[in-house]
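# Overview (structure and organization)
In case you want the letters, here they are:
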There are 4 protein chains.
Amino acid sequence: MGIPGKDPALSAIHVSIDFDRRLWREDLDGSRAHVRMLGERGVLAPEEVQTILAGLDRVAAEIEAGTFPWREAYEDVHLNIERRLTELVGPVGGKLHTGRSRNDQVATDLRLWTVRRLAELDREVAALGTQLLAQAHAAFERRTVLPFYTHLQRAQPVLLAHHLLAHLEALGRDRERLAAARERAAECPLGAGAGAGSGFPVDPARSAELLGFRRACRNSLDAVSARDFALETLAALSILMVHLSRLAEELILWSSQEFGFVTLGDAVTTGSSIMPQKRNPDGAELVRGKTGRVFGALQALLVANKALPLAYNKDLQEDKEALFDAVDTARLSLRVLTASLREAHFHDERMREAAEARAGYANATELADYLAARGMPFREAHAAVRALVEQARAEGKRLQDLGLERLRAISPVVDDDVLACLETEAALARRAAPMGTAPERVREALAEARARWSDGD
Amino acid sequence: MGIPGKDPALSAIHVSIDFDRRLWREDLDGSRAHVRMLGERGVLAPEEVQTILAGLDRVAAEIEAGTFPWREAYEDVHLNIERRLTELVGPVGGKLHTGRSRNDQVATDLRLWTVRRLAELDREVAALGTQLLAQAHAAFERRTVLPFYTHLQRAQPVLLAHHLLAHLEALGRDRERLAAARERAAECPLGAGAGAGSGFPVDPARSAELLGFRRACRNSLDAVSARDFALETLAALSILMVHLSRLAEELILWSSQEFGFVTLGDAVTTGSSIMPQKRNPDGAELVRGKTGRVFGALQALLVANKALPLAYNKDLQEDKEALFDAVDTARLSLRVLTASLREAHFHDERMREAAEARAGYANATELADYLAARGMPFREAHAAVRALVEQARAEGKRLQDLGLERLRAISPVVDDDVLACLETEAALARRAAPMGTAPERVREALAEARARWSDGD
Amino acid sequence: MGIPGKDPALSAIHVSIDFDRRLWREDLDGSRAHVRMLGERGVLAPEEVQTILAGLDRVAAEIEAGTFPWREAYEDVHLNIERRLTELVGPVGGKLHTGRSRNDQVATDLRLWTVRRLAELDREVAALGTQLLAQAHAAFERRTVLPFYTHLQRAQPVLLAHHLLAHLEALGRDRERLAAARERAAECPLGAGAGAGSGFPVDPARSAELLGFRRACRNSLDAVSARDFALETLAALSILMVHLSRLAEELILWSSQEFGFVTLGDAVTTGSSIMPQKRNPDGAELVRGKTGRVFGALQALLVANKALPLAYNKDLQEDKEALFDAVDTARLSLRVLTASLREAHFHDERMREAAEARAGYANATELADYLAARGMPFREAHAAVRALVEQARAEGKRLQDLGLERLRAISPVVDDDVLACLETEAALARRAAPMGTAPERVREALAEARARWSDGD
Amino acid sequence: MGIPGKDPALSAIHVSIDFDRRLWREDLDGSRAHVRMLGERGVLAPEEVQTILAGLDRVAAEIEAGTFPWREAYEDVHLNIERRLTELVGPVGGKLHTGRSRNDQVATDLRLWTVRRLAELDREVAALGTQLLAQAHAAFERRTVLPFYTHLQRAQPVLLAHHLLAHLEALGRDRERLAAARERAAECPLGAGAGAGSGFPVDPARSAELLGFRRACRNSLDAVSARDFALETLAALSILMVHLSRLAEELILWSSQEFGFVTLGDAVTTGSSIMPQKRNPDGAELVRGKTGRVFGALQALLVANKALPLAYNKDLQEDKEALFDAVDTARLSLRVLTASLREAHFHDERMREAAEARAGYANATELADYLAARGMPFREAHAAVRALVEQARAEGKRLQDLGLERLRAISPVVDDDVLACLETEAALARRAAPMGTAPERVREALAEARARWSDGD
């Protein structure tokens with residue numbers, strides 16, 4: 001506990017109650033565990049423990065009822081609660097802080113908050129994944145086809161279900177990263193004191209257990225000065241936002257009049273005051289725009305931690321707002337995209353049109369593969385097809401419109417079945433190796449993903 | 001004006017009234033200028049103009065009195081004010097938006113806000129500079145000497161005044177950058193409409209003039225989509241924070257027991273609840289820690305703007321919070337350092353001790369320069385002095401304690417005056433070329449800086 | 001000059017000759033100016049000056065001929081040149097370093113390099129602007145129309161020339177920022193010595209003049225420790241890259257099959273080995289992708305400078321690679337976009353189609369403006385038009401197809417001229433206020449831009 | 001494989017052979033696995049497989065011998081190798097690319113490179129940890145005591161071994177993060193083709209197995225477009241650099257004359273050309289300075305990936321240089337710090353002095369704890385001690401010098417044993433709870449760490 005100087009600028013830069021108030025549940029839970037442990041170790045008498053616990057319950061009730069007297073003069077959430085406790089239960093309240101320091105208390109609160117929020121965020125990612133799966137399943141039933149793009153140029157036809165599952169894969173890895181960050185955040189600093197360890201017979205393992213952490217920290221100086229759990233969390237959220245921004249970008253592109261692949265529902269778009277058909281994809285745009293904000297929070301905290309000598313430095317106070325904002329942003333972004341997908345109406349015909357449009361020659365690769373599969377060296381096959389496409393293009397025709405004869409003229413390996421290979425459905429079916437977009441593969445992938453996601457959820 | 005969808009997540013990500021409320025003065029001023037211009041151009045009748053202006057005054061009065069009915073349902077500050085205006089003055093309030101769109105209005109408000117805040121920040125930088133100058137002047141009067149450091153190793157003695165003026169130079173360039181950002185922000189987008197320009201006979205130059213901008217924008221699409229004024233502001237603030245963090249770092253280092261160069265006043269430090277002599281430099285640490293936060297805001301907005309097609313995209317809504325937070329942070333940091341310097345008590349003896357301590361051989365360079373000035377090639381002089389220092393070190397002596405004879409043995413160019421050159425005051429005096437730390441130079445630099453800073457302020 | 005330790009890891013992290021070799025011209029020019037100034041001040045004899053200058057010319061010749069013996073053992077470009085000089089001209093070469101230290105030398109070289117590169121980059125931006133102007137002029141001659149987009153939704157018709165001029169405006173501000181960075185970089189640190197100033201009668205103002213700087217630095221400690229000129233340069237380049245990435249994004253979008261607004265030439269796209277019509281906009285994509293790289297360089301150097309105590313710290317060695325890479329990236333990006341625009345073929349019909357497509361009701365705003373101009377409160381006009389558009393949409397009609405009668409039914413203010421206002425050309429013509437897209441305005445804007453850009457170039 | 005356009009700027013921005021050449025081993029290994037798998041699946045004949053494998057061996061031999069003809073015209077490492085293969089073995093070389101595309105090949109190579117480098121980096125972190133452990137063990141044997149710092153103010157005495165183990169804990173978590181990144185990088189994209197999957201009967205699981213990946217990717221579009229493995233790697237390296245920068249900062253601070261806690265060896269410092277005793281901690285400074293560089297690489301790649309629509313976009317080419325540079329920087333930084341610690345000589349007396357200096361009253365907390373342990377409410381104990389310290393300070397005395405009587409006057413709970421609790425060794429011994437700095441705890445922690453680190457290595 002510090003005694004802040006009186007210069008108004010110092011007070012203004014120092015006071016954190018406006019934002020760290022969010023930690024009140026974690027602060028109370030941390031105090032409950034600490035006081036219970038002190039009781040078990042005989043540092044506090046049973047009735048002292050009971051009095052303090054009852055006082056903490058009253059504090060909780062006041063906060064929930066909105067009657068708690070938050071005071072700026074007490075700088076932060078911790079001192080506000082501590083002082084209120086003593087007002088409510090008398091001097092014994094002062095014993096709550098026995099064997100604890102602000103340094104280990106603050107670190108415990110923020111870690112506990114992080115662990116809990118990461119668990120919630122995992123559920124939000126799961127909800128978005130479930131929505132993706134539902135749309136993928138429906139799109140598979142309709143066998144919706146679209147071209148996938150490289151360089152934003154149409155490449156080859158794929159199933160929309162296959163495309164949506166690609167996003168799901170990325171989200172699956174995001175959940176792994178969130179879980180890993182949660183795991184490493186779940187080490188309990190309580191018992192580290194100001195940094196040298198506690199002079200009281202505290203039991204950090206027990207405190208950790210009471211709070212649901214997986215273990216206590218191992219070194220007191222590390223316990224009060226480490227913020228890599230926050231950095232790892234912000235990194236995982238930044239990567240998650242990369243994935244959300246990619247999905248958002250596609251929703252924006254696809255709902256443009258030029259693509260016309262999707263109509264987003266009224267509930268998730270912003271209309272024009274004058275053009276009723278207008279549906280601005282504001283939600284998706286904000287997800288995309290807020291991606292930079294999470295990167296910025298990561299950057300801010302990396303910079304704040306850089307080159308800090310051990311152990312506690314006041315710079316570390318910056319950890320809270322960065323984390324709070326990034327977690328809020330990620331949660332909101334997940335919800336916006338979940339709602340957007342739920343209300344998305346895909347235009348199957350526009351997608352198929354794009355996949356089969358003459359302009360694309362998306363089936364040229366099929367022909368080359370056909371030749372290669374029959375023994376022509378791959379590079380030769382490419383050259384031959386390129387020449388043919390050039391002719392077709394000059395004549396304004398599709399490859400299949402050139403006729404069997406001209407196709408057979410390429411090489412003796414070409415058979416009558418060549419025409420079939422140029423059809424969209426044939427192209428899809430040919431991508432039948434694992435990972436591929438062939439309907440049988442996508443059916444399996446859907447089943448496998450459903451199993452994995454219902455498990456994980 | 002958009003009509004947001006009803007999904008709660010969309011509303012939550014979309015509503016900006018919580019933070020853009022800060023723009024209310026600028027929004028009202030923008031509206032006043034717009035309605036006056038419309039009156040002058042005959043688009044609105046004089047009595048319409050009067051009614052709307054009176055209504056805007058009532059809105060201002062309500063906001064200042066805290067009685068304004070802010071409503072989340074109206075999303076942002078602009079619609080809140082517009083709707084309230086119509087409630088207060090009737091349907092004519094609807095004419096305020098004639099020839100204007102939300103896109104040019106929003107851009108105007110934020111530019112106006114930025115121009116005003118940059119002017120205020122300039123005064124805060126000036127205040128810090130004035131404090132630096134005052135301390136530099138006082139330190140010069142005391143002829144306080146300390147070593148300057150390279151690699152955090154003591155290098156050569158300099159006047160503390162000279163050291164403080166180095167920080168002043170950096171701040172001077174920061175003011176230039178803030179002024180340049182202000183200049184480029186002061187271009188008025190009003191009249192750009194949604195992006196294609198206005199269909200009404202608006203007079204952008206007149207709107208610009210009424211608002212104190214230096215000119216109107218030149219292209220309507222650029223006017224609504226450009227945010228480089230915000231990026232440039234954030235960049236200037238980031239560089240300013242680099243300079244503040246360097247000053248903060250020195251205050252932290254110098255107030256450690258190891259350096260002991262400065263005691264920061266009670267008003268700007270945080271005490272310990274148990275050790276009355278303890279003065280934690282929390283203010284300086286927070287300035288240092290918050291540096292990353294401003295970098296993060298810059299990064300966030302750079303990322304949000306990257307690769308956005310023209311013209312308006314909702315991503316741009318992210319400009320406000322980044323700017324608000326960075327401006328607040330810079331202002332607070334400036335004030336904290338100004339207060340810290342005002343209350344700083346420098347320990348002249350500790351500084352001089354550090355400058356003259358035997359460990360340093362800070363005068364070895366003087367001897368080498370002495371030799372070079374008498375015609376010895378510089379590299380040779382270096383080698384000779386290095387050998388001598390090695391001997392002195394082995395004997396645990398200062399260079400001057402080796403005696404004139406051994407010094408003269410180096411080379412025939414060495415004269416009796418060599419001993420004098422080894423004294424701290426002589427070392428200072430020798431740095432008499434422009435830029436240098438010689439007292440006469442520093443006296444001039446102080447006078448010149450005072451002239452420049454009182455001018456600029 | 002330091003003597004590096006022998007641990008291989010230290011050598012590897014320390015040696016900079018691989019990248020700072022690029023500074024050789026600036027290092028030689030800095031040395032020439034320094035030695036001339038020393039001669040003028042009588043510190044060196046005329047023949048010493050001549051010998052050293054001749055030696056520096058021989059060094060330059062060797063480097064240009066590729067015969068210069070670069071040696072890793074001499075760590076950096078400065079020592080390599082200095083040692084070679086002494087090999088070529090004998091011990092007098094050692095006098096070159098009189099009154100100079102590595103600290104002021106390094107800072108001078110990098111500032112000189114920056115000033116020169118910024119001048120070159122300005123010419124590259126001018127070249128891109130000239131190309132934009134040429135395309136804008138041609139598009140104006142053809143009166144090419146496209147919709148501008150908000151939220152990537154079609155908004156209202158504008159002239160393509162108007163759209164291209166929006167990008168030009170942004171580039172104009174970039175040139176101002178590059179010029180400002182150049183101005184502030186052009187302060188000469190030579191004479192600061194290691195940090196305390198020089199003990200020799202050097203003349204920093206003269207050195208500055210000989211090197212084309214606008215003035216000498218004012219404070220020796222600031223001179224060797226300030227890197228804000230590099231930060232400001234990286235910030236200006238980051239903002240420039242934002243603008244280039246926006247242009248690149250449009251080229252990528254517009255060259256997709258879905259938009260079909262532009263065909264980029266063979267010279268600036270990458271073809272497919274199999275589909276001759278394929279034109280991947282690799283150049284534009286790389287510009288977009290490399291934008292993050294310049295942001296990263298800015299962040300890297302901000303972070304390296306944060307909280308460094310005065311004066312020189314080895315961390316500052318990081319300034320070079322960040323600057324080199326960002327300057328190279330910006331230059332290449334400018335050239336790629338200049339070439340892309342030069343070879344761009346715009347598809348006027350596709351653009352006009354997009355501007356007039358029934359789906360858009362891009363003329364609904366025109367009707368609302370028409371009503372407002374005739375005295376209907378703006379918000380009422382909006383509501384009325386919205387109702388009408390809803391009807392038209394239900395009937396699958398354009399607004400003009402609803403017939404005069406139904407239009408007049410909206411309000412008595414509607415006249416026979418209402419139909420005309422719904423045509424694209426009329427919509428363009430109505431945006432006749434300054435900044436707007438009306439042909440007469442765009443003609444003026446083109447003329448004005450041409451004057452400004454030929455001036456500035 | 002793309003056919004790049006001929007504009008020189010496009011070529012310059014496009015060609016990657018200068019930097020992706022580093023992937024040659026991975027490219028060859030990927031090709032070997034692919035061709036073996038094709039043989040096993042009957043796509044290639046056994047003799048074709050043998051010919052190609054022999055050819056790849058010849059390519060490897062040429063590269064290792066430095067005789068390989070790298071050609072800029074072939075843009076990248078992949079095409080250079082492929083073309084050379086065909087030159088060496090004839091047209092059958094063209095069959096190597098059967099069932100593979102540049103998109104899955106590039107992703108495979110970079111993942112393989114990342115997996116291998118992460119394994120190497122883990123060994124480098126282990127080496128640094130081992131060095132920390134060795135120094136901690138030695139410091140424990142000497143029972144070296146120093147104060148730990150909060151706010152860079154002396155706080156309480158701790159064992160140096162305890163302090164060093166705090167850094168070790170952070171490195172342990174870094175290894176976990178590197179391992180997690182390696183795990184997620186080890187998914188094999190080979191078989192994804194251009195993005196839709198392969199039309200040949202490839203066996204991705206077998207390719208994965210041959211390359212030592214833990215499994216194949218699950219979705220072809222995800223396989224070619226995902227770069228989160230690179231982002232996660234850069235994030236783990238950024239956090240590692242935070243930890244290295246904190247250790248570096250302490251080495252810099254501690255080797256200043258003001259602290260005097262450590263002398264770094266000649267091999268890892270840079271000397272002055274003139275002052276033989278000077279040891280600039282250049283290595284540690286460069287580690288600190290290069291921290292920003294790794295943050296910058298992370299930001300650069302986050303930005304490049306943001307909002308990219310699926311699947312492959314040329315922007316992704318930016319992944320390589322960012323990864324290469326960050327891995328090189330981290331490796332070098334680890335080695336520099338390992339060498340620095342190996343050669344560090346700690347000054348035990350200076351450290352103990354700092355821990356016991358009168359100025360600190362570092363034992364005030366002990367007294368407060370003593371009172372609290374005897375039943376005084378913690379806050380009351382604090383107030384009493386604060387008053388006593390104020391007196392001691394006024395009298396210029398240490399607490400123990402005030403005499404037993406005055407100590408007992410505080411409260412009846414004070415006993416004769418109070419004086420003992422004020423000694424440094426007693427203070428250390430009292431921190432005997434888990435995590436704490438009591439010698440018995442630190443002995444256990446050392447043993448535990450040794451077991452863990454020899455295991456993990």
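Nothing here was measured: the structure is a model prediction, and the numbers come from that model.

## Points about the relation of the copies chain D and chain B
Turning chain D through 180° and shifting it by 0.0 Å along the axis lays it on chain B, with an RMSD of 0.1 Å. The superposition of one copy onto the other is thereby described by a two-fold rotation axis. Closest to the rotation axis within chain D is the C-alpha of D:E258, separated from it by 2.7 Å. Looking at chain D, 100% of its interface residues are interface residues in chain B too, so the copies touch through the same face.

## With respect to the relation of the copies chain D and chain A
Each copy superposes on the other: chain D lies on chain A with an RMSD of 0.1 Å after a rotation of 180° and an axial shift of 0.0 Å. Interface residue correspondence from chain D to chain A reaches 100%, placing this contact among same-surface, isologous pairings.

## Some points on unusual backbone geometry
In this model, A:L310 is joined to A:A311 through a cis peptide bond whose omega is 0°. Looking at the secondary structure, you find A:A311 in the loop between α11 (282-305) and α12 (319-342). With a phi angle near 55°, B:L152 is a residue other than glycine that sits in the positive phi range.

## Topic: the interface of chain D and chain A
Taken together, the contacts link 101 residues of chain D with 101 residues of chain A. A buried area of about 8,500 Å², summed over both sides, lies between chain D and chain A, and 59% of it is on carbon and sulfur atoms. Its largest share of buried area at the contact with chain A, chain D owes to D:R246, D:R379 and D:M435, together 10% of the area lost on that side. The interface formed by chain D and chain A contains 14 salt bridges. The interface formed by chain D and chain A contains 39 residue pairs in polar contact (both at pLDDT 80 or more). When residues in the side of chain D that touches chain A are grouped by element, the largest group, 13 residues, is from helix α10 (residues 228-254) of chain D. A class-by-class count of the residues in the side of chain D that touches chain A yields 47 nonpolar, 28 polar and 26 charged.

## Thoughts on the packing of helix α11 (residues 282-305) of chain C against helix α11 (residues 282-305) of chain D
Where α11(C) contacts α11(D), the two axes come as close as 7 Å, and the packing angle between them is 155°. By the angle class used here, α11(C) and α11(D) are roughly antiparallel. Here α11(C) runs over α11(D); the crossing is right-handed. Listed contacts from α11(D) to C:G289, C:G292, C:R293, C:F295, C:G296, C:Q299, C:A300, C:V303 and C:A304 of α11(C) are D:G289, D:G292, D:R293, D:F295, D:G296, D:Q299, D:A300, D:V303 and D:A304. Classifying every residue of the contact of α11(C) with α11(D) gives eight nonpolar, eight polar and two charged.

## Regarding the domain arrangement of chain A
Residues and elements named next belong to chain A. Under the domain assignment, chain A is made up of domain 1 (8-98) and domain 2 (110-193 + 219-353). A straight line from the C-alpha centre of domain 1 to that of domain 2 covers 35 Å. Facing the twelve residues of domain 1 at the interface are 13 residues of domain 2. For the domain 1 and domain 2 pair, buried surface summed over both sides reaches about 1,100 Å², with 58% attributable to carbon and sulfur atoms. Looking at the side of domain 1 facing domain 2, the largest losses of area belong to F19, R22 and E26, adding up to 56% of the total buried there. The interface formed by domain 1 and domain 2 holds four salt bridges in total. Its salt-bridge partner being D29, residue R116 comes within 2.7 Å of it at the nearest N-O pair. The tally of links from domain 1 across to domain 2 stands at five residue pairs in polar contact (both at pLDDT 80 or more). Top element by residues in the side of domain 1 that touches domain 2 is helix α3 (residues 24-40). It accounts for five residues.

## What about the interface of chain D and chain B?
Counting from both sides, the interface comprises 45 residues of chain D and, opposite them, 45 residues of chain B. With both chains or domains summed, chain D and chain B bury close to 4,000 Å², and 52% of this area falls on carbon and sulfur atoms. If you look at where chain D meets chain B, you find two salt bridges. With its nearest N and O atoms 2.8 Å apart, the salt bridge here joins B:E258 to D:R154. Counting every contact that joins chain D to chain B gives 13 residue pairs in polar contact (both at pLDDT 80 or more). Elements with a contribution of two residues or more to the side of chain D that touches chain B: β2 (145-150), β3 (153-159), α10, α11, α14 (364-373) and α15 (378-395) of chain D. Ranked by the residues each element gives to the side of chain D that touches chain B, the list is headed by α15(D), at six residues. For the side of chain D that touches chain B, a count of residues per class yields 20 nonpolar, 14 polar and eleven charged.

## Considering the side chain of D:R227
Residue and element names in this part refer to chain D. Turning to its location among the elements, R227 is positioned in the loop between α9 (220-225) and α10. Overall, the relative accessible area of 2% leaves R227 in the buried class. Within the structure, the side chain of R227 is placed 3.4 Å from the backbone oxygen of V224, a separation counted as a polar contact. With sequence-adjacent residues up to four places away left out, R227 is seen in contact with V106, A107, N305, Y312, L316 and D319.

## Considering the pattern of salt bridges
A complete count under the given rule lists 236 salt bridges over all chains for this structure. Between A:E232 and D:R177 there is a salt bridge; the shortest N-O distance is 2.7 Å. Of the two residues, A:E232 sits in helix α10 (residues 228-254) while D:R177 sits in helix α7 (residues 160-185), which places them in two different chains. The exposure classification of A:E232 matches that of D:R177, with both residues buried. The partner of D:R374 in a salt bridge is D:D417, with the nearest N and O atoms 3.0 Å apart. One end of the pair, D:R374, is in the loop between α14 and α15; the other, D:D417, is in the loop between α16 (404-408) and α17 (424-430), and 43 residues separate them in sequence. Its relative accessible area of 35% is what places D:R374 among the partly exposed residues. Taking the relative accessible area as the measure of exposure, D:D417 reaches 38% and is therefore partly exposed.

## Things to note about the confidence of the model for chain A
For chain A, the average pLDDT comes to 93, and 97% of its residues sit at 70 or higher. Both confidence scores are given for the complex: pTM 0.96, ipTM 0.95.

## Here we look at the packing of aromatic side chains
If you walk through the whole model with that rule in mind, you get 24 aromatic pairs over all chains. The interplanar angle of 55° and the centroid separation of 4.7 Å between the aromatic rings of C:W113 and C:F324 together place this pair among those described as tilted. Separated by 211 residues along the polypeptide, C:W113 in helix α6 (residues 102-141) and C:F324 in helix α12 (residues 319-342) bring together distant segments of the chain. Owing to a relative accessible area of 2%, C:W113 belongs among the buried residues under this scheme. One aromatic cluster is present, formed by A:Y149, A:W254, A:F259, A:F261 and A:F346 through successive ring pairs. Positioned above the aromatic ring of A:F324, the side-chain terminus of A:R22 is 4.9 Å from the ring centre. The ring centre of C:Y370 lies 3.7 Å from the NZ or CZ of C:R374, which sits over that ring.

## Quick notes on the pairing of strand β3 (residues 153-159) of chain C
Residue and element names in this part refer to chain C. Across the seven residues that make up β3, a large majority, seven, are buried. Across six bridges, strand β2 (residues 145-150) lies against β3 in antiparallel orientation. By the bridge assignment, V145 is partnered in β3 with L159.

## Looking at the side chain of C:R154
Mapped onto the fold, C:R154 is located in strand β3. Within the structure, C:R154 has its side chain in polar contact with the side chain of A:E258 (distance 2.8 Å). Apart from residues no more than four positions distant in its own chain, C:R154 is found in contact with A:Q257, A:E258, A:K278, C:P147, C:F148, C:Y149, C:A354 and C:A357.

## Some remarks on the environment of D:D266
Looking at where D:D266 falls in the secondary structure, it is placed in the loop between β6 (262-263) and β7 (270-272). Along the primary structure D:D266 and D:K278 are separated by twelve residues, whereas in three dimensions their C-alpha atoms are 9.6 Å apart. For D:D266, the contacting residues outside a window of four places in its chain are C:G5, C:K6 and D:R279.

## Thoughts on helix α5 (residues 77-89) of chain D
The first and last C-alpha atoms of α5(D) sit 18 Å apart over 13 residues, in line with the 18 Å expected at 1.5 Å per residue. Across the 13 residues that make up α5(D), a large majority, ten, are buried. D:V77, D:H78, D:L79, D:N80, D:I81, D:E82, D:R84, D:L85, D:L88 and D:V89 are the residues of α5(D) that are buried. Against the buried residues of α5(D) lie α15 (378-395) of chain A together with α2 (17-20), α3 (24-40), α4 (46-65) and α6 (102-141) of chain D. Immediately downstream of α5(D), the backbone of D:G90 shows phi near 85°, a positive value.

## Topic: the environment of D:L133
All names here are of chain D. Within the secondary structure layout, L133 lies in helix α6. For L133, a relative accessible area of 8% gives the class buried. Spatially, the C-alpha atoms of L133 and A364 are 31 Å apart, while their sequence positions differ by 231 residues. In this view, L133 contacts L165, L168, L446, A449, R450 and W453; residues no more than four positions away in its chain are not counted.

Conventions used here
- Residues numbered from 1 in each chain as written.
- Chains lettered and ligands numbered in written order.
- Predicted model: local features only at pLDDT ≥ 70, side-chain atom pairs only at ≥ 80, totals over all residues.
- Heavy atoms only, no water.
- Least-squares fit on C-alpha atoms with pLDDT ≥ 70 in both.
- Contact = heavy atoms within 4.5 Å.
- Helix = DSSP H or I, 4+ residues; strand = E, 2+ residues; numbered from the N terminus.
- Buried area = accessible area lost by both parts, 1.4 Å probe.
- Salt bridge = Lys/Arg side-chain N within 4 Å of Asp/Glu carboxyl O.
- Polar contact = N/O pair within 3.5 Å; in protein donor to acceptor, adjacent residues only side chain to side chain.
- Nonpolar A, V, L, I, M, F, W, Y, C, P; charged D, E, K, R; others polar.
- Axes fitted to C-alpha atoms, helices over the stretch in contact; angles between N-to-C directions.
- Parallel < 35°, antiparallel > 145°, perpendicular 65-115°, else oblique.
- Left-handed = near helix turned anticlockwise from the far one by under 90°.
- Domains from an automatic or database assignment.
- Buried < 20%, exposed > 50% of the residue type's maximum accessible area, 1.4 Å probe, protein only.
- pLDDT = per-residue confidence, 0-100.
- Phe/Tyr/Trp six-rings, centres within 6.5 Å; stacked < 30°, edge-to-face > 60°.
- Lys NZ or Arg CZ within 6 Å of the ring centre and 35° of its normal.
- Pairing = 2+ DSSP bridges.
- Expected span 1.5 Å × (residues − 1).

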